[in-house]
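# Overview (structure and organization)
If you want the building blocks of each chain, they are given just below.
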Amino acid sequence: MKKIGRNPPSTPELRILNVLQASEKPLCGAEIVRQSGGWVSRGHVYASLSRLDEKKMVCSSTTSQKPFEAAGCRTTYSLTPLGYRILELIEQIDSEVEG
């Protein structure tokens, strides 16, 4: 079995991954904070997103689309296939521990 790596996602990073997974569209940092229900703070969201981007679990894109600009967003984030896989593995582990 292939190792995930030596630097797994932290709890705040996992919360961000979960918010992105639940979203039907890419989100900017402010939207992630809002949609997290208080689990992700504005002070930590961008540092966490940067680390997740370095770990290849999220990808970022700069946009000039009007709906995003109106919300103050320029960079949006979405899950990568690796980000989805990490969440699948965590869910599998959770179900095995509970089962």
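Just so it is clear, the structure is predicted and the values come from calculations on it, not from any experiment.

For the rest of this paragraph, the subject is the overall build of the protein chain. When helices and strands are counted, the protein chain shows five helices and two strands. Listed by position from the N terminus, the elements making up the protein chain come as α-α-α-β-α-β-α. Long-range pairs, those at least 24 residues apart, make up 55% of the contacts in the protein chain with a sequence separation of at least 6. When the accessible surface of the protein chain is totalled, it reaches about 6800 Å², and 52% of it is carbon and sulfur.

In this structure, K56 is a non-glycine residue whose phi angle is positive, near 65°. Along the chain, K56 turns up in the loop between α3 (42-54) and β1 (58-62). Judged by relative accessible area, which is 56%, K56 ranks as exposed.

Confidence in the prediction of the protein chain, expressed as mean pLDDT, is 86, and 83% of residues score 70 or more. Averaged pLDDT values for the elements of the protein chain fall to 57 in helix α4 (residues 66-70) and rise to 95 in helix α1 (residues 11-22).

Let us look at the packing of α1 against α3. Close contact between α1 and α3 brings their axes to 10 Å; oriented N to C, the two are set at 85°. Classified by the angle between their axes, α1 and α3 sit roughly perpendicular to one another. Within the contact between the two elements, α1 uses P12, E13, I16 and L17 and α3 uses V45, S48, L49, R51 and L52. Considered class by class, the residues forming the contact of α1 with α3 number six nonpolar, one polar and two charged.

It is worth spelling out the environment of Q35 at this point. Checked against the element boundaries, Q35 lands in helix α2 (residues 29-35). Residue Q35 is classed as partly exposed on the basis of its relative accessible area of 46%.

This structure, assessed with the given rule, holds four salt bridges. Two residues, E13 and K55, come together in a salt bridge whose shortest N-O distance is 2.8 Å. Of the two residues, E13 sits in helix α1 while K55 sits in the loop between α3 and β1, which places them 42 residues apart along the sequence. With respect to burial, E13 and K55 carry one shared label: buried. In this structure, the salt-bridge partner of E88 is R85, at a minimum N-O distance of 3.3 Å. Taken together, the residues span about one helical turn, with E88 and R85 both in helix α5 (residues 81-98) at a distance of three residues. Note on R85: relative accessible area 41%, which makes it partly exposed. Salt bridges linked by common partners bring E13, R51 and K55 together as one network.

Cut-offs and rules
- Residues numbered from 1 in each chain as written.
- Predicted model: local features only at pLDDT ≥ 70, side-chain atom pairs only at ≥ 80, totals over all residues.
- Heavy atoms only, no water.
- Helix = DSSP H or I, 4+ residues; strand = E, 2+ residues; numbered from the N terminus.
- Contact = heavy atoms within 4.5 Å.
- Areas by Shrake-Rupley, 256 points an atom, 1.4 Å probe, with all protein chains shown as cover.
- Buried < 20%, exposed > 50% of the residue type's maximum accessible area, 1.4 Å probe, protein only.
- pLDDT = per-residue confidence, 0-100.
- Axes fitted to C-alpha atoms, helices over the stretch in contact; angles between N-to-C directions.
- Parallel < 35°, antiparallel > 145°, perpendicular 65-115°, else oblique.
- Nonpolar A, V, L, I, M, F, W, Y, C, P; charged D, E, K, R; others polar.
- Salt bridge = Lys/Arg side-chain N within 4 Å of Asp/Glu carboxyl O.

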